[in-house]
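Fold and geometry: a report
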Amino acid sequence: MTGQQSEGDRKHPVDETLPPFKMFTSGLQHVAAMYAGVVAPPMIVGPACGLSATETAFLMGASLFTAGIATLLQTLGFWKVGAKLPFVNGVSFAGVTPMVAIGKAQGPGNALPVIFGAVIVAGVLGFLLAPYFSKLVRFFPPVVTGTVITLIGVSLLPVAFNWSQGGNDRAPDYGSLTNIGMAALTFVIVLVLRRVLRGFLQQIAILLGLIAGTLIAIPVGITHFSALSQASLVGFPTPFHFGAPQFDIAAIVSMCIVMLVCMTESTADMLALGRIVGRPADERTIEGGLRADTLGTALSPLFNGFANSAFAQNIGLVAMTKVRSRFVVATGGLILIVLGLCPVAASVISLVPLPVLGGAGIVLFGSVAASGIQTLASAAMEKGDNALIVAAAVGIGLIPIAAPDFYHHLPKDLLVVLDSGISTGCLVAITLNLAFNHFGRKTADGDAADGTTADDPAAAGHGDPEPSPAPAAVPTDEAGEPAAAPAH
């Protein structure tokens, strides 16, 4: 009678569209947050495969282009492909070590074709496994997801610290007072903007902080314009620019392991993002998200790209800004495609100095860790052995971060998994949760040790691991919006 929409007719914030200007600036903020992460793997793999600076720049443009395609597959989707969440995809760091190893083994001429052939096979295998892999969601109760989300944030913080020092530990100014001072200044600017601004300006505080930090860095002397002056206006990532794909068994096995690691991390990321946006990721959502990951991976080598997976830093951005629209991230995907097709535009984004990006990254990545800690608050830590599960998983997950050379005597093939604190921590948390909560005993009051009731199917390893109703797990602020670091 009042003309207002019923609760069932209202669009979920994930499916809402924003005005064009807000859509563009919010999407650009996502691109700014992930740009360094997308171009870093080709910057490492390119020289390892014997590429010149020009060819490495081409590889970076291709990575931006394929990241945009993969992000559109995730956010917009089609058929049963795509999580349809504000989920950003880009080149996975998990593949860097094995790809460098392949490059050294194959030599300059064959390295990239062999890598691309292995990535194609790994992507196709992952696509076929997605429906089965997604069923693992039942083994991700809060004690597991909270641990993994915390490790995601903690694992990303060293990246921000490295950026804050300059990004290149062989550079003479690495860790200089200038670099650290710019990172600290950007960090403070972002916090002040988040505190004093309101509405839309508060939502793009990260972007405004990056712009302010970059402008301040110009007279300081750490903003470099050489890439902008050398970039061409148009550049298309020619299909199979480095040659037709070649298929080597050892390389394929290595990249298939990487694909499984990426699928594990993406599953954890989707569970985290689903809680943050108030649309918990169920089995169907995860299946669609994994299909988008793996299809994007299989298509990437066509345009000279690598394996794609979730970018956890953008989850922190969603949590902080409370902009939950998947169409904002889709806009970011379109921007990535434009950057891949227009090297000049990509060079403008690259003007942001790494110390400036590092200062903002501390806030972003810390937000992810804070979300994980709040998830653990709902994990019935006082019951059963949940505290022991968290202690063991976090301890193992921190090994690659606190002691990077800890596993250096082990076979290199194992390092694909062991060098990822997220992957090892996730596997430990899942295994111990199964041992203590699913196959273990129940408490005297009839509750399972993981905090679910005895008649809850999740307690027996069946059904959804989320409490019901799920949306109630996301707290709101005074305006009725989800809090920046929601309880999981």
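Right, let's talk about the overall build of the chain for a bit. Check the secondary structure of the chain and you find 19 helices and two strands. The burial tally for the chain puts 54% of its 488 residues in the buried class. Long-range pairs, those at least 24 residues apart, make up 81% of the contacts in the chain between residues at least 6 apart in sequence. Put simply, the chain shows about 20100 Å² of open surface, and 66% of that area lies on carbon and sulfur atoms.

The subject of this paragraph is helix α16 (residues 386-397). Counted at 1.5 Å a residue, the expected span for α16 with its twelve residues is 16 Å, and the 16 Å between its end C-alpha atoms agrees. Taken together, the buried residues of α16 touch α5 (142-165), α15 (354-376), α17 (399-402) and α19 (421-438).

To continue, consider the nonpolar core. A general feature of soluble globular proteins is that nonpolar side chains tend to end up buried together. Core analysis: the biggest nonpolar cluster contains 103 residues, and L112, I115, I206, M255 and F306 have the highest contact counts within it. In terms of residue count, helix α10 (residues 249-277) provides more of this core than any other element does, 15 residues in total. Setting aside residues no more than four positions away along its own chain, M255 makes contact with P98, M99, I102, A118, V119 and A122. F65, F303, A330 and I337 belong to the second-largest nonpolar core, a separate cluster that totals five residues.

This structure, assessed with the given rule, holds four aromatic pairs. Measuring from ring centre to ring centre gives 5.8 Å for F58 and F242, while their planes differ by 75 degrees; the resulting arrangement is edge-to-face. With F58 in helix α2 (residues 53-75) and F242 in the loop between α9 (226-230) and α10, this residue pair connects regions lying 184 residues apart in the sequence. Aromatic pair F65 and F303: ring centres 5.2 Å apart, planes at 65 degrees, arrangement edge-to-face. Of this pair, F65 sits in helix α2 while F303 sits in the loop between α11 (283-299) and β2 (308-310), and the two are 238 residues apart along the sequence. We note that F65, like F303, is buried.

Moving on, we get to the environment of L339. Note that L339 resides in helix α13 (residues 326-341). In this structure, the C-alpha to C-alpha distance between L339 and V31, residues 308 residues apart in sequence, is 9.9 Å.

Pairs can form between side chains of opposite charge whenever their charged atoms are close. Under the defined criterion, the tally for this structure stands at four salt bridges. With a closest N to O distance of 2.7 Å, E287 and R291 form a salt bridge. You can see E287 and its partner R291 sitting in helix α11, four residues apart, about one turn around the helix. Note on accessibility: E287 and R291 belong to one class, buried. Through salt bridges that share partners, D15, R279 and R326 make up one connected network.

So, on to unusual backbone geometry. For K84, which is not a glycine, the phi torsion comes out positive at approximately 55 degrees. One can find K84 in the loop between α2 and β1 (89-91). Overall, K84 belongs to the partly exposed group, its relative accessible area being 32%.

Turning our attention to the side chain of N89. On the secondary structure map, N89 appears in strand β1. Judged by its relative accessible area of 0%, N89 falls in the buried class. A polar atom in the side chain of N89 sits 2.4 Å from the side chain of D293. In contact with N89, other than residues within four places in its own chain, are M34, A67, A70, T71, Q74, D293, N308, S309, A310 and F311.

It is worth spelling out a nonpolar patch on the surface at this point. There is a patch of nonpolar side chains on the surface, built from L125, L129, Y132 and L260 and spanning about 360 Å² of accessible area. A total of three residues in the nonpolar patch trace back to one element, the largest contributor, which is helix α4 (residues 111-133). With respect to the helices and strands, the residue L125 is situated in helix α4.

As a further point, take the packing of α4 against α11. Between α4 and α11, the shortest axis-to-axis distance is 7 Å and the interhelical angle comes to 170 degrees. As summarised for this structure, α4 and α11 are arranged roughly antiparallel, according to the angle between their axes. Judged by residue contacts, V119, I120, G123, V124, G126, F127, A130, P131 and F133 of α4 engage E287, L290, R291, T294, L295, T297 and A298 from α11. Here the contact of α4 with α11 is composed, by residue class, of ten nonpolar, four polar and two charged.

A word on the confidence of the model for the chain. Close inspection of predicted coordinates is inappropriate in any region flagged by low pLDDT. Scored by pLDDT, the chain has a mean of 78; 83% of the residues are at 70 or more. Across residues 1-7 the pLDDT falls below 50, and counting only partners more than four positions away or on other chains, this stretch makes one contact in the model. Under a pLDDT of 50 for its full length, residues 443-488 has, in the predicted model, 103 contacts with residues more than four places off or in other chains.

Our next topic: the packing of helix α6 (residues 177-196) against α15. The contact between α6 and α15 brings their axes to 7 Å, and the two run at 45 degrees. Considering their axes alone, α6 and α15 lie oblique with respect to each other. Classified by chirality, the crossing of α15 by α6 is right-handed. Along its contact with α6, which presents N179, M182, A183, T186, F187, V190 and L191, the element α15 presents P355, V356, G359, A360, I362 and V363. Its residues placed into classes, the contact of α6 with α15 shows ten nonpolar, three polar and no charged.

A few words now on the environment of A160. Assignment of secondary structure puts A160 in helix α5. With 205 residues separating them in the primary sequence, A160 and F365 have C-alpha atoms 7.9 Å apart. Not counting residues within four places of it along the chain, the set of residues in contact with A160 comprises G358, G361, I362 and F365.

Looking now at the environment of P239. Along the polypeptide, P239 turns up in the loop between α9 and α10. Residue classification places P239 among the partly exposed positions, given a relative accessible area of 38%. Between the C-alpha atom of P239 and that of A62, which follows or precedes it by 177 residues, the distance is 9.7 Å. Ignoring sequence-local partners within four residues, the contact set of P239 consists of L302 and F303.

The rules behind these values
Residues numbered from 1 in each chain as written. Predicted model: local features only at pLDDT ≥ 70, side-chain atom pairs only at ≥ 80, totals over all residues. Heavy atoms only, no water. Helix = DSSP H or I, 4+ residues; strand = E, 2+ residues; numbered from the N terminus. Buried < 20%, exposed > 50% of the residue type's maximum accessible area, 1.4 Å probe, protein only. Contact = heavy atoms within 4.5 Å. Areas by Shrake-Rupley, 256 points an atom, 1.4 Å probe, with all protein chains shown as cover. Expected span 1.5 Å × (residues − 1). Core = buried A, V, L, I, M, F, W, Y, C linked by side-chain atoms within 4.5 Å. Phe/Tyr/Trp six-rings, centres within 6.5 Å; stacked < 30°, edge-to-face > 60°. Salt bridge = Lys/Arg side-chain N within 4 Å of Asp/Glu carboxyl O. Polar contact = N/O pair within 3.5 Å; in protein donor to acceptor, adjacent residues only side chain to side chain. Patch = residues over 30% accessible without salt bridge, like charges linked within 9 Å, V, L, I, M, F, W, Y side chains within 5 Å. Axes fitted to C-alpha atoms, helices over the stretch in contact; angles between N-to-C directions. Parallel < 35°, antiparallel > 145°, perpendicular 65-115°, else oblique. Nonpolar A, V, L, I, M, F, W, Y, C, P; charged D, E, K, R; others polar. pLDDT = per-residue confidence, 0-100. Left-handed = near helix turned anticlockwise from the far one by under 90°.

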